[in-house]
Amino acid sequence: MSMYSSEISGFYKLSIEERLKLIKEKVGLSDEETKILKNFGYFQPEQMDILIENVIASYQLPYSIACNFKVNGKDYLVPMVIEEPSVVAAASNVARMARKLGGFHSKKITQVMIGQVQIVNVKNMDDAVKNIEIHKEEIIRLANEKDPILIKLGGGVEDLEIRPIDTIKGPMIIVHLLVNVLDAMGANAVNTMAETVAPYLEELTDGKVYLRIISNLATHRMAKCKATFDKDMLGGAEVVEGIMNAYAFAKADIFRASTHNKGIMNGIIALTLATGNDTRAIEAGAHTYAALNGYSPLSTFDVDSNGNLVGELELPLALGIIGGLTKTHPLARVSLKILGIDNAEELAQVAVALGLCQNVAALRALASEGIQAGHMRLHKRKEQKKN
Ligand code: MEV
C-alpha cells in the first residue's frame, strides 16, 4: 500500500514553491531534503519552470573536460557531463594515443533529417505513389513555405522518398521529407513541415494521414571518423590483439555488441548533454542504426602494417547548436565556447571522434588490466583527498 495518493489535479498550475510544499507534505521530506531541492544552481527557478511542466527542482551532474583531442587538424577541449568514474580520464588518455598519429579524421556531414508522413487506407497504391511523384515539387514548395527563415539560410526540404510498406494493418505509403535543418537538431522544423503537407498528401493519394513526425534514424545525417592509435602507447602488441579479439567478440555476439556500443555512447551522450542536445534522440538513432543489418558494433577495427590499431566509427548524429536547450541552457553555450565551435557539423565531428576514443579506451582497459582497476584508482584518490 502506498503512503500517499499520486492523484493531483492542476499540479502544473502551481508555482514551484507551491509544488514543492505540496510534495514535501505528501511524502514527508525533511527540511534538509527540501533545501537540496531548492538549490537551482545557475538556473533561475523561473527559467526551469518554462522549460517543462511540473518542475520542482534542478538536477546536477559533474561537468568535466576531456583533453588532448585533435579532430581534422584542430584541437578541442571536450566538455562531458557524466557521472561514471574513469570515463573522462580514459578518453583523455586515449585521445593522446590518436593524437600522436595525426588525431581523428571526421568526414563531412550533411544536416538532413527525415520527416515521416504515414498514409493509410489507400485504395490504389500504384496510382497514389505515381501521383505523389508527379506532384513532388509542389509538396516540397508547400513544406518550404512554412519555414522561410530556414530557406533563406540555405536549408529546407531537398527531396522526397516514397516508401510503400506492408503492415499488420495493411499496406501504407510512408513519405519521407528530406529536410536540411542546417545548425538545428531539426525536430521542430521537420514536424511542422510534415504536418503542413499532410492534407495535400491525403488529397493526392485519396488516403488518410495519421502520423507526421521526425525519424530518429537519421541516415542522411551520418557522422563518420577514423583514427590510428599508437601500438606502444596502447600497451603493446598484446593489448592490440586483445582489442581485436574484443571487436571479434562484439561482431559475433549481440550481448557483447550492446555493451560495446554502450561504451561508445558513454562519450557521445556526455557531450550531447553538455551541449543541451536531446540524448534520447541520439541513443535511438545510434541503436537503430546498429540494428539495420542485425544488431552490430557501431565501430570497426583493424591493425596497420606497423601494428597500430586503426578504428572507425559511423552513426547518425542529429546534434544542433540552435533551438531548445542548446540556446537556453547557460552551460550549453559555455560548452560551445570551450569547444570553439559555431556550427552543428563540427559538433557532430567531435562527438563521433569522442565516441571512437571512448570505445578504444574501454576495450583497452578490458583487454589489459580490466575495467575495475581504473575505478579503484579513482576511488583511492577520493579517499586520499578526504583524509
Ligand atoms: C561501461 O560504462 C562501458 C563498458 O562496459 C564498455 C565496454 O564494455 O566496451 C566498459
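Quick caveat, the model's predicted, so the values are computed rather than measured. (Residues numbered from 1 in each chain as written. Predicted model: local features only at pLDDT ≥ 70, side-chain atom pairs only at ≥ 80, totals over all residues. Heavy atoms only, no water.)

**Student:** Looking at this structure, how should I read the overall build of the protein?
**Tutor:** A count of helices and strands for the protein gives 16 helices and ten strands. Across its three principal directions, the C-alpha atoms of the protein cover 70 × 65 × 45 Å. Classification of the 387 residues of the protein by burial places 45% in the buried group. Pairs at least 24 residues apart make up 73% of the contacts formed inside the protein by residues separated by at least 6 positions. Accessible surface computed for the protein: about 20,000 Å², of which carbon and sulfur atoms make up 54%. Charged side chains of the protein number 42 positive and 45 negative; the gap between the two group centres comes to 6 Å. (Helix = DSSP H or I, 4+ residues; strand = E, 2+ residues; numbered from the N terminus. Buried < 20%, exposed > 50% of the residue type's maximum accessible area, 1.4 Å probe, protein only. Contact = heavy atoms within 4.5 Å. Areas by Shrake-Rupley, 256 points an atom, 1.4 Å probe, with all protein chains shown as cover. Lys, Arg positive; Asp, Glu negative; His and termini not counted. Charge placed at Lys NZ, Arg CZ, Asp CG, Glu CD.)

**Student:** What should I look at first to understand the packing of aromatic side chains in this one?
**Tutor:** The geometry of an aromatic ring pair is captured by two quantities: the separation of the ring centres and the angle between the planes. Scanning all chains against the criterion turns up four aromatic pairs. Ring geometry for Tyr247 and Phe301: centres 5.6 Å apart, planes at 80 degrees, overall edge-to-face. One end of the pair, Tyr247, is in helix α10 (residues 237-252); the other, Phe301, is in strand β9 (residues 299-303), and 54 residues separate them in sequence. We note that Tyr247, like Phe301, is buried. Here the aromatic cluster, defined as three or more aromatic residues joined through ring pairs, consists of Phe69, Phe104 and Phe229. The ring of Phe11 has Arg19 lying over it, and the distance from NZ or CZ to the ring centre is 6.0 Å. (Phe/Tyr/Trp six-rings, centres within 6.5 Å; stacked < 30°, edge-to-face > 60°. Lys NZ or Arg CZ within 6 Å of the ring centre and 35° of its normal.)

**Student:** Please explain the site of the ligand as it appears in this structure.
**Tutor:** Looking at the ligand, the residues that line it are Glu84, Arg256, Thr259, His260, Lys262, Gly263, Asn266, Ala362, Leu363, Leu366 and Ile371. The separation between an oxygen atom of the ligand and a polar side-chain atom of Glu84 is 2.6 Å. Side-chain polar atom of Lys262 to an oxygen atom of the ligand: 2.6 Å apart, as the coordinates give it. Here the ligand loses 86% of its free accessible area of 300 Å² to cover by the protein chains. Those elements giving two or more residues to the shell around the ligand turn out to be α11 (254-274) and α15 (344-367). Considering each element in turn, the shell around the ligand owes the most residues, six residues, to α11. (Near = heavy atom within 4 Å. Polar contact = N/O pair within 3.5 Å; in protein donor to acceptor, adjacent residues only side chain to side chain.)

**Student:** Sorry if this is basic, but what is going on with the environment of Pro330 here?
**Tutor:** Mapped onto the secondary structure, Pro330 falls in helix α14 (residues 330-339). Residue Pro330 is classed as partly exposed on the basis of its relative accessible area of 30%. Each C-alpha atom, one on Pro330 and one on Thr275, is 9.6 Å from the other, the two residues being 55 residues apart in sequence. When sequence neighbours within four positions are dropped, the list of residues in contact with Pro330 reads Tyr42 and Phe43.

**Student:** Sorry, what's going on with the layout of surface pockets here?
**Tutor:** Empty space left among the atoms is revealed by rolling a probe the size of a water molecule over them. There is about 1,400 Å³ of room inside the largest pocket. If you trace the largest pocket, you find 44 residues lining it, with Gly276, Asn277, Gly324, Leu325 and Thr326 closest to the centre. Listing elements by their share of the lining of the largest pocket, those giving two or more residues are α7 (148-152), α8 (187-205), α11, α12 (279-290), α13 (325-328) and α14. Here the lining of the largest pocket takes three residues from α8, the largest share from any one element. Across the lining of the largest pocket, the residue classes break down as 28 nonpolar, twelve polar and four charged. (1 Å grid on protein atoms, 1.4 Å probe; cavity = no way out; pocket = protein on both sides within 12 Å on 5 of 7 lines; lining within 4 Å. Points joined across faces, edges and corners; volume = space filled by probe spheres on them. Nonpolar A, V, L, I, M, F, W, Y, C, P; charged D, E, K, R; others polar.)

**Student:** Quick question: what am I supposed to make of the nonpolar core here?
**Tutor:** Soluble, globular proteins show a tendency: their nonpolar side chains are buried together. The biggest cluster of nonpolar side chains holds 59 residues, and the ones touching the most others in it are Phe69, Val78, Phe104, Phe229 and Leu317. If you tally residues by element for this core, the top one is α15, at twelve residues. (Core = buried A, V, L, I, M, F, W, Y, C linked by side-chain atoms within 4.5 Å.)

**Student:** Whenever I open this one, empty space enclosed by the protein confuses me. Can you help?
**Tutor:** Per the stated rule, a full pass over the model turns up one cavity of 30 Å³ or more. In this structure, the largest cavity encloses a volume near 40 Å³. Together, Met113, Met185, Asn216, Ala218, Ala281, Ile282, Gly285, Pro316, Leu317 and Ala318 line the largest cavity. No other element matches the three residues that α12 contributes to the lining of the largest cavity. Here the residues of the lining of the largest cavity sort into eight nonpolar, two polar and no charged.

**Student:** Where do I start with the sheet that holds strand β6 (residues 170-180) in this structure?
**Tutor:** Paired through backbone hydrogen bonds, the strands of a sheet run either parallel or antiparallel to each other. Read across the sheet, four strands follow the order β5-β6-β4-β7 without closing on themselves; strand pairing throughout is antiparallel. Since the sheet does not close on itself, it has two edges, and those belong to β5 (156-167) and β7 (208-215), each with one partner. Neighbouring strand axes in the sheet, compared pairwise and without regard to direction, differ in orientation by 20 degrees on average. Examined bridge by bridge, strand β4 (residues 112-120) and β6 share eight bridges and lie antiparallel to one another. Note that in β6 the partner of Gln116 across the bridge is His176. The strands touched by helix α6 (residues 136-145) within the sheet are β5 and β6, with β5 carrying the most contacts at an inclination of about 120 degrees. (Pairing = 2+ DSSP bridges. Axes fitted to C-alpha atoms, helices over the stretch in contact; angles between N-to-C directions.)

**Student:** Looking at this structure, I do not really get the pairing of strand β1 (residues 63-71). What am I missing?
**Tutor:** A regular strand places its side chains so that they alternate between the two faces of the sheet. Pairing of β1 with strand β2 (residues 74-81) involves seven bridges; the strand directions are antiparallel. The residue of β2 that forms the bridge with Val71 is Lys74. In textbook terms, the turn of a hairpin is the stretch between consecutive antiparallel strands, and for β1 and β2 this stretch comprises two residues, one of which, Asn72, has a positive phi near 50 degrees.

**Student:** What's the story with the domain arrangement of the protein in this structure? I'm lost.
**Tutor:** Much of the literature gives interface size as the accessible area that the parts lose upon coming together. As assigned here, the protein comprises domain 1 (11-51), domain 2 (63-106 + 222-386) and domain 3 (112-215). Between domain 2 and domain 3, the C-alpha centre-to-centre distance is 35 Å. Summing both sides of the interface, domain 2 and domain 3 together bury roughly 500 Å²; the carbon and sulfur share of this comes to 66%. Looking at the side of domain 2 facing domain 3, the largest losses of area belong to Ala318, Ile322 and Ala344, adding up to 59% of the total buried there. One can count zero salt bridges joining domain 2 with domain 3. If you look at where domain 2 meets domain 3, you find three residue pairs in polar contact (both at pLDDT 80 or more). When grouped by side-chain class, the residues that make up the side of domain 2 that touches domain 3 number six nonpolar, three polar and one charged. (Domains from an automatic or database assignment. Buried area = accessible area lost by both parts, 1.4 Å probe. Salt bridge = Lys/Arg side-chain N within 4 Å of Asp/Glu carboxyl O.)

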